[in-house]
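A look at the structure
One-letter residues, chain by chain:
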Amino acid sequence: MIGALPVAIGVAAVACGGEAATPAAPASGGAAAPKGAPIKVGASVSTTGSNGKTGLYQVEAYKLWIDQVNARGGLLGRPVEMIILDDESDPTIGTKLYEKLINEDKVDLVMGPYSSSVTQAVSTVTEKYKFPMLAAGASASDIWKRNYKYIFGVYSVAESYFYSVIDIAKAAGMQTVAIVNEDTVFPKATAAGTAEYVRKQGLRIVFQEQYPAKATDLSSLITKVKAAKPDVLVGGSYQPDSILLTRQAKELDLNVKLLAFSVGAAIPEFGTGLGKDADFVMGPSMWEPVLKTKGNVEFVETYTKKWNREPDYHSATGFAGGQILEAAVAKAKSLDREKIREALSSLDIETVLPGRYKVDDTGTQTAHIAVVIQWQGKEKPVIAPDSMANGKPKLPTPEWKARP
Amino acid sequence: MVAASVTGLAARRLTSGYTAAMVLLGVGVSLLPLMVSNYILTFVLQALMACALAGSWNLISGFTGYVSFGHAAFFGLGAYAAGIAIAKAAVPAPVAIASAAIVAGCAGLCLGYPALRLRGPYFAVGMLGVAEALRVGITVAEPVTGGGRGLVMPPQDVLLPAYFSMLALVVLIVAITRAVATRPVGLRLLAIREDEVAAEVTGIQTTRLKLVAFATSATLAGVAGGIYAWHMSYIDPTTVFAGSLTVRAIAMTMLGGQGTVFGPVIGSVVLSVIGEVTWARFPFLHNAVSGALIVVIVLFIPRGVTGVLQDRGVLPRSRTL
Amino acid sequence: MGTDLATAAQVVVSGLLLGGLYALLAGGLTLVFGVMRVINLAHGELLMLGAYVACLLFAATGLNPIVALLVSIPVLFVVGAVTQRFVVNRVVNAPLLTSLLLTYGLSLVVTGTAQAVWTNDYRSVPFITGGFALGEVSISRPRLLAFAVSLVLTGAAHVFLTRTRWGKAMRATAQNADVALACGIDIDRARMLAFGIASALAGAAGTLVSFLYSVYPEMGRAFMLKAFAVIVLGGLGSFPGALIGAMILGVVEAGAAYLSTTQIAEAVIYIMLLAMLLVRPHGLLGTAER
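Conventions adopted
- Residues numbered from 1 in each chain as written.
- Chains lettered and ligands numbered in written order.
- Predicted model: local features only at pLDDT ≥ 70, side-chain atom pairs only at ≥ 80, totals over all residues.
- Helix = DSSP H or I, 4+ residues; strand = E, 2+ residues; numbered from the N terminus.
- Rg over C-alpha atoms; globule rule 2.2 N^0.38 Å.
- Buried ≥ 20, exposed ≤ 12 C-beta atoms within 10 Å, placed from the backbone.
- Contact = placed C-beta atoms within 7 Å.
- Nonpolar A, V, L, I, M, F, W, Y, C, P; charged D, E, K, R; others polar.
- Core = buried A, V, L, I, M, F, W, Y, C linked by C-beta atoms within 7 Å.
- Domains from an automatic or database assignment.
- Axes fitted to C-alpha atoms, helices over the stretch in contact; angles between N-to-C directions.
- Parallel < 35°, antiparallel > 145°, perpendicular 65-115°, else oblique.
- Left-handed = near helix turned anticlockwise from the far one by under 90°.
- Expected span 1.5 Å × (residues − 1).
- Pairing = 2+ DSSP bridges.

Attention now moves to the overall build of chain C. Looking only at helices and strands, chain C features 11 helices and two strands. Its helices and strands taken in sequence order, chain C reads α-α-α-α-β-β-α-α-α-α-α-α-α from the N to the C terminus. Against the 2.2 N^0.38 benchmark of 19 Å for 290 residues, chain C shows a C-alpha radius of gyration of 19 Å, consistent with a compact globule. If you line up chain C on its principal axes, its C-alpha atoms span 65 × 50 × 35 Å. The buried share of chain C, reckoned over its 290 residues, is 62%. A sequence separation of at least 24 residues applies to 78% of the contacts in chain C between residues at least 6 apart.

Written as structure tokens, this is what we have:
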């Protein structure tokens, strides 16, 4: 049927307390092994349901962070353990689980769930109990428009995802833009922000439309885009629809000078699923393995070793969330949640993510820098911003007929 | 009441014992907030919500046999009616929930009138279509509903009042079901389930009766949706129109015994508790486990817990159960 | 897009190509309903299994998905026949609700197991891509191929049902199981065969979808609502009805998406379905049943 909710309300507990309670040998820094009662950190992340795939990256990153924190001597000298539950991509279950983490498991601190809609719902719970929470898997700016005091952004808001892409298009002399997006929280925010920015930059929007989640055929949409003859096509999309849009653009011979997708394009499977057809496609990424950010090489290495696969940018945002929490606890010098809240609102630090962590009065992230990747051959070099780029944009995208 | 398998006196004693157990359950649930954490309360609140959905579905489908696969439509409409009232007009909760009831009830009347002309699978799939069409409608009506971004209400801590409202709703549904079951109207509804043409021939106004039952069922589901929206203070179309809400209600009703008074209650208690208890043991398989559970229910206890107990002579064949 | 006519042709062609695939999926669904009055809510999961067969074979050996049909069709036939024999057969004479709930439970079991075994990753089969121009109309190569194969398989199933002994046995069972039994037809076997064929058709549809769309455990759900609409539109139990219903649905969906939006088109097809049911309560080619 529709939806991802199984009949019984269930959640998955991923046991990691045992693993975390016996920390690995102290790292080269020679930190003392943590002592005392463990500090409990709780989170619920979607590992099944429609967001299960991406949510899993976040869970893996949380667990890696826990390992490393304990190896570094824990938080405030105490070992840390993490309770991670699964909300099945359902906001209703998410709120119940944060009630559980806070009231039943008596966690000391919480970390954010995955996806904007679940975060939107569960932040009402964490706000109620005055638990500061880092939204390590959410970016829709609506979350920070409610005057909440205890929710903090880790990476750029969805609205700003395509700013750099539009800059590139403008610099290349392109003038018309078509925007299509899935009609759910995050893609809608992306599309709305992009549309505003396009107008501000003096470009023209010639077509804008939404499509339902899990659409299996977008040929009519593509036909309309084709008629509008845009220079740029921007998709507020996830993986399956990004691939579908690219495939159907080729099938229906829709040629644009620049094609870009939000979440879909930066995922490695976009390249493997499309082969040569992925070439020239751009996408914003919150993080890339090649970036020379603080501790990034080590992060990619340890992550790959632990999980037998490369981290995704959702892993990096999760991991950065952990790093920020660690810094906030160190700054607050206690587990007092008011002090941690104050630390989170005033911190200005580097993480594995490009840019810095710094939030404004609402808790919105302002210092993170989203990069842009472009598929070239089987690689996806970072092409913007210039200071972090390891490749040059290839533009314009040639017509399908002219490609092998 | 007819007590078929046991003698009258024993049957009456059993029946009143059973009813007493249910009343005790109700009292227990209403005293719960004094004893347990907010997590348990949230869990019970969500179980009560499932129970309200199951109970309201039972009113139309359990009795008349018209299997609605679109029950979530009324839950969703109620949620949005209340949500919009709270978010845009800042009305107090009772008004919001009343508007949920009115909107869902009217929708039930308007949709039920044509839809109830369909039979069997055509009705089931037709209602599925209704729920989908409404979900899309709400998603498209963005200026009012917030569309796919969801509807954000000013957050407020209403766990306790929401809890008691949902409990009151469940009690109301049980009371209505009992009133229906013990009066001739219940027999007439069951007659529609057994043979609609024959029912009509004996002079039962089937169309009107079905419509009233359908609208009542829709209203109650709408109220559940309204309370949900009030409690969550954030709703989005995919969640409140989810087909799984309907299917869960159906599974719970079937487990407890369809067309009975307390069947949906028993079913929702059992399935909610099993769900909550088993997840920890089957972290990556709980989807499959809940599926297997349904298969087992259908294959081995198709008449539900109530039916099994009656067959074994543990419970009398009384319609007040 | 030169002219309005060309655009209209483009939309109709896209819709028909889509309809072909719906027909293959819906054919099996309507067959199962016709023969045993069961609406199989796990039909989409059979499609998913068919897609995984193609996807895994492609990943392991680079096997052409069209050749993979030779594997997915027999595999899914067996899966279907076994499921019918040991599970579904027990609820054939039960009320509608029983089989609905049973098959829903089965669909959860299959999806859940697939999630545990294959994870929630989206996979794709980069097989044939692109399209060609016919006048001013662009035609998708992979979708045309899927359409052609769908029609061949649907046609073959139809011939089997109408011309062969077992096909006739199935139709007899569909019309009246008791009389069929009295005439010496092994109705249990006829039902098993029907479920097997339906499952094989769904599996074939899945194999074809594997190179059009992403493959993941919950993919069946994306197609099932449409398949229900198709069989109700065409008339439950009617095989030709499913074919016609599928084509109508495909074209209406593409047309509505062109004229309004893809988002609204979803609602349009259900409203059309309801309106149509009110005029013809048993679908286009369905027969009234009591």
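So, on to the interface of chain A and chain C. The partner chain C presents 37 residues to the 40 residues of chain A that form the contact. Secondary structure elements with two or more residues in the side of chain A that touches chain C: α2 (52–71), β8 (204–211), α7 (219–228), α8 (239–251) and α10 (268–274) of chain A. Counted by class, the side of chain A that touches chain C contains 17 nonpolar, 10 polar and 13 charged residues.

Generally speaking, nonpolar side chains in soluble globular proteins are found buried as a group. Ranked by size, the top nonpolar core spans 352 residues in total, and within it B:A52, B:L53, B:M166, B:A224 and C:L25 carry the most contacts. There are two domains that each give this core at least three residues, and those are domain 1 (13–156 + 291–346) and domain 2 (160–285 + 370–402) of chain A. B:A52 has contacts with B:M166, B:L169, B:V170, B:I173, B:L220 and B:A224, leaving out every residue within four places of it along the chain.

Describing two packed helices takes the angle between their axes plus the distance from one axis to the other. Residue and element names in this part refer to chain C. The N-to-C vectors of helix α2 (residues 43–61) and helix α3 (residues 65–86) enclose an angle of 140°; their axes lie 9 Å apart at closest approach. The orientation of α2 with respect to α3, classified from their angle, is oblique. Judged by the sense of rotation from one axis to the other, the crossing of α2 with α3 is right-handed. Here L46, L49, G50, V53, A54, L57 and F58 of α2 come into contact with α3, specifically with P65, A68, V71, S72, V75, L76, V79 and G80. By residue class, the composition of the contact of α2 with α3 is 12 nonpolar, three polar and no charged.

Attention now moves to the domain arrangement of chain A. All names here are of chain A. Once the domains are mapped, chain A shows domain 1 (13–156 + 291–346) and domain 2 (160–285 + 370–402). The C-alpha-based centres of domain 1 and domain 2 are spaced at 31 Å. Counting residues at the interface gives 12 residues for domain 1, matched by 12 residues for domain 2. Counting residues per element, the side of domain 1 that touches domain 2 draws most heavily on helix α4 (residues 116–128), which supplies three residues.

With respect to the element layout, B:V125 can be found in helix α5 (residues 120–140). Once the C-alpha coordinates of B:V125 and B:L321 are considered, the two residues, 196 residues apart in sequence, prove to be 30 Å apart. Those residues within four positions of B:V125 in sequence are excluded, and the remaining contacts are B:F69, C:F228 and C:V232.

α7(A) sits mainly inside the fold: eight of its 10 residues count as buried. Remark: A:K229 follows α7(A) within two positions and exhibits a positive phi of approximately 45°.

Turning our eyes to something else, we now look at helix α3 (residues 72–89) of chain B. Residue pairs spaced three or four apart in an α-helix point in one direction, given the helix's 3.6 residues per turn. Residue and element names in this part refer to chain B. Along its 18 residues, α3 runs 25 Å from first to last C-alpha, staying within 8% of the 26 Å computed at 1.5 Å per residue. For α3, the tally of buried residues reaches 16 of 18 residues, placing the bulk of the element in the interior. A positive phi of about 50° marks A90, the residue just after α3.

Attention now moves to the pairing of strand β2 (residues 137–140) of chain C. Consecutive side chains of a regular strand alternate in pointing toward one face of the sheet and then the other. Residue and element names in this part refer to chain C. For strand β1 (residues 131–134) and β2, the ladder comprises four bridges, and the chain directions are antiparallel. Its bridge partner being in β2, F132 is matched across the sheet by I139. Taken together, β1 and the strand that follows it, β2, pair antiparallel across an intervening segment of two residues, in which G135 is found at a positive phi of about 65°.

Further remarks concern unusual backbone geometry. Residues and elements named next belong to chain A. A cis amide bond links A384 to the next residue, P385, at an omega of -5°. Among the secondary structure elements, P385 is positioned in the segment after β13 (382–384). Even without a glycine there, the phi angle at L76 is positive, about 55°. Looking at the element boundaries, L76 is found in the loop between α2 and β3 (80–85). Unusually for a residue other than glycine, D253 sits at a positive phi of about 55°. Looking at where D253 falls in the secondary structure, it is placed in the loop between α8 and β10 (258–261).

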